[in-house]
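One letter stands for each residue in the lines below.
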Amino acid sequence: MEIKKAEGKLGVLVVGIGGAVSSTFVVGTLAARKGLTTPIGSLTQMAHIELGKGADKREPKIKDVVPLADLNDLVIGGWDIFEEDVYAAALHAEVLTEKDINKVKDELQAIKPMKAVFYQEYVTRLHGTWVKDAATKYDAMEQVKADIEEFKRKNNCSRLVMIWAASTEVYIPMGEAHKSVVAFEEAMKSNSPEISPSMIYAYAAVSSGVPFINGAPALTVDMPAIWELADKNNVPICGKDFKTGQTMMKTVLAPMLKTRMLGLDGWFSTNILGNRDGEVLDDPASFKTKEVSKLSVIDTILDSEKYPELYGNIYHKVRINYYPPRKDNKEGWDNIDLVGWMGYPMQLKVDFLCRDSILAAPLMLDLIILTDLSQRAGFKGIQTWLSFYFKSPMHTPDTEPLHDLFAQFVKMKNTLRVMIGEEPEDYLG
Ligand SMILES: NC(=O)c1ccc[n+]([C@@H]2O[C@H](COP(=O)([O-])OP(=O)(O)OC[C@H]3O[C@@H](n4cnc5c(N)ncnc54)[C@H](O)[C@@H]3O)[C@@H](O)[C@H]2O)c1
C-alpha cells in the first residue's frame, strides 16, 4: 500500500481547546516531545507490534515501522467559547498540577482559542462569551472554513486534522437534514434546529478536505450527509465518544461473560463526577446523548437474539451524577448480576477510581496521529479500524459495530500490518 510520507507540519485543530481533556492532551503532548514526561496510554508512542512468522518474527515499536507524524511536527490550535489561553484553561481544569503545567507554560500561553460556533440551546449549562457572529449557520460554517485556511497558512502546515473534544450537545436524532449534502446545506441556510454546532465544524472540516474525529457522543459526522461529503472529498472520519472508563471496562467484561457462556440478569452502572463535563451532563438532554452511546455496548456484544436463555432479559441502567467535590477524578461503580451453571446467581462489583482526562488525553493523541495516517494511506469515509478508541464506534449501515476491546485491538493491528505490507496475524499458530 502506498502511504504518503509524513512530511511537514501537521496542524491539529481542537474544538473545545479550553476543556479538561483537550488541555490535558496539549500539556502532555508538548511535555512528551521535550522529553519531560512519558506518554503513558498512547499506543502510537509506546506500543510494539508483532510482525512476521518463525525465524522472521520480530516486535518493533509501531512508530518505528509505521510512517506516523512525529510529535515535533504537531502544531496545535482550535476553538473555544471562552477566551482564555490553554495555560489558563489547564490551570482552571485542575487535572494537572501547576508544576506540570508550568513545564510548557510559554507554549501553552501562545495557544489562544479562535471564536467558537455556539448556540446556547445545544449546551444549556454553558454561557459562551467568545462566540462568532453569523446571520445563518451556513455563514458560521464559512467562517470556520476561513479559520482553517488561515491556520494552515499561518503555521505553514502541510496537512490538518480536526477533533471535537467540546461539550456533549443535547440529543438530536437523525432527521431529514442529515440525509444528504443538499438537505444539510439547505438546513444550514435556513438555521434549522437539526443542525448543531458540532455538525457545522464537521461540515467545514470535511468540505475543506480535513479529517474529522468525534470524541463526544452526538451525531456530528455519523450521518449520510457527512458520509457522502467524506466520500466525495476523500476524507477519513471517525467517532463517536472516547472509550475511557466505565465503558472500556464493559467492553472487556461483557466479552468475558459471553466467551464463557455465562448469563447476565442485570448491569447497573453509576458515576460521580465533578468537572465541567459532569455539569453539562447534569442536563437531561445532554445526558440522553451520552446514555444512548453507553447503552448500546452490552446488547451488541452479548447478542441476545442468538442467546435468549443467557441474555434475553437484561436490566441495564447507566447513571451519571454531578458531584463537584470530585472534580475530574470520577468514581464509577458497576454491579453485575451474572448467572452460572444451572442458573445459580453471582455478583461482580467494580469500583474504578479513574481520572477522566488522564484516560482520554492519550486517546486524543493516538486518534490525531492515526487519522492523519489514514488520510496519507488514501483511506476515506468511516474508519472502522479505529473502533478501539470509541464507546459507540461508527460503522457503515450494512455492518455491525465492533465493541469488544481486544477484537478492536486485533483489527487495528492487522490494519497497520497490511498498511506496511506485512501479513495480517491469523492467530492460528
Ligand atoms: N474525559 C473522558 O473520559 C471522556 C470520555 C468520552 C467522551 N468525553 C467527551 O469529551 C468532551 C470533553 O470533555 P471535557 O471533560 O474536556 O469537558 P469540558 O467541559 O472540560 O470541555 C469542553 C470544552 O468545550 C468547550 N465548548 C463547548 N461548546 C463549544 C463549541 N460549540 N465550540 C467550541 N468549544 C466549545 C467548552 O467551553 C469547554 O472548554 C465531552 O463531550 C465529553 O463528554 C470525555
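Scroll up for the structure.
To keep things clear, this report deals only with the structure shown in the data block. Just so it is clear, the model here is predicted, and its values are computed rather than measured.

Some words on the environment of Asn 191
Its location among the elements puts Asn 191 in the loop between α8 (181-189) and α9 (197-207). Residue classification places Asn 191 among the partly exposed positions, given that 15 C-beta atoms sit within 10 Å. When the C-alpha atoms of Asn 191 and Gln 246 are compared, they prove to be 37 Å apart, with 55 residues separating the residues in sequence. What Asn 191 contacts, discounting residues up to four positions off in sequence, is Thr 136 and Lys 137.

Observations regarding the pairing of strand β7 (residues 263-273)
Relative to strand β9 (residues 331-339), β7 runs antiparallel, the two being bridged by nine bridges. Counterpart to Ser 269 in the pairing with β9 is Asp 334. Across eight bridges, the pairing between β7 and strand β8 (residues 315-322) is parallel. Residue pairing across strands places Asn 271 opposite Ile 320, the latter belonging to β8.

Details of the site of the ligand
With respect to spatial proximity, 35 residues lie near the ligand, and among them Gly 16, Gly 19, Ala 216, Arg 276 and Asp 277 are the closest. Contributions of two or more residues to the shell around the ligand are made by α1 (20-33), β2 (74-80), α12 (276-281) and α15 (356-376). Examining the composition of the shell around the ligand, we find that four residues originate from one element, α15, more than from any other. When we break the shell around the ligand down by domain, the ones giving at least three residues each are domain 1 (9-242 + 358-419) and domain 2 (246-353).

Details of unusual backbone geometry
Of the consecutive residues Gly 239 and Lys 240, the connecting peptide bond is found in the cis state with omega at -5°. Residue placement: Lys 240 occurs in the loop between β6 (236-238) and α11 (246-259). Phi at Thr 220 is positive, roughly 50°, even though this residue is not glycine. Structurally, Thr 220 is set in the loop between β5 (212-214) and α10 (224-233). You will see that Met 261, though not glycine, has its phi angle at about 55°, which is positive. By secondary structure assignment, the location of Met 261 is in the loop between α11 and β7.

Comments concerning α15
The first and last C-alpha atoms of α15 sit 31 Å apart over 21 residues, in line with the 30 Å expected at 1.5 Å per residue. With 18 of 21 residues buried, α15 is to be regarded as a mostly interior element. Positive phi appears at Gly 378, one or two residues downstream of α15, with a value of about 85°.

Considerations on the sheet that holds β8
With mixed pairing, four strands are arranged side by side in an open sheet as β8-β7-β9-β10. Of all the strands in the sheet, the pair left with one neighbour each is β8 and β10 (345-353). This sheet shows a mean twist of 10° between the axes of neighbouring strands, independent of strand direction. Its contacts with the sheet put helix α13 (residues 284-302) on β7 and β8, and the angle it makes with β8 is roughly 150°.

Observations regarding the nonpolar core
Burial of nonpolar side chains together is a common tendency in soluble globular proteins. With 99 residues, the main nonpolar core has Ile 163, Ile 200, Val 206, Ile 226 and Met 364 as its most contacted residues. Per element, the largest residue contribution to this core is ten residues, and it comes from α15. Beyond its immediate chain neighbours, meaning those up to four positions away, Met 364 contacts Val 21, Phe 25, Ile 163, Ala 165 and Gly 215.

Thresholds applied
- Residues numbered from 1 in each chain as written.
- Predicted model: local features only at pLDDT ≥ 70, side-chain atom pairs only at ≥ 80, totals over all residues.
- Helix = DSSP H or I, 4+ residues; strand = E, 2+ residues; numbered from the N terminus.
- Buried ≥ 20, exposed ≤ 12 C-beta atoms within 10 Å, placed from the backbone.
- Contact = placed C-beta atoms within 7 Å.
- Pairing = 2+ DSSP bridges.
- Near = placed C-beta within 6 Å.
- Domains from an automatic or database assignment.
- Expected span 1.5 Å × (residues − 1).
- Axes fitted to C-alpha atoms, helices over the stretch in contact; angles between N-to-C directions.
- Core = buried A, V, L, I, M, F, W, Y, C linked by C-beta atoms within 7 Å.

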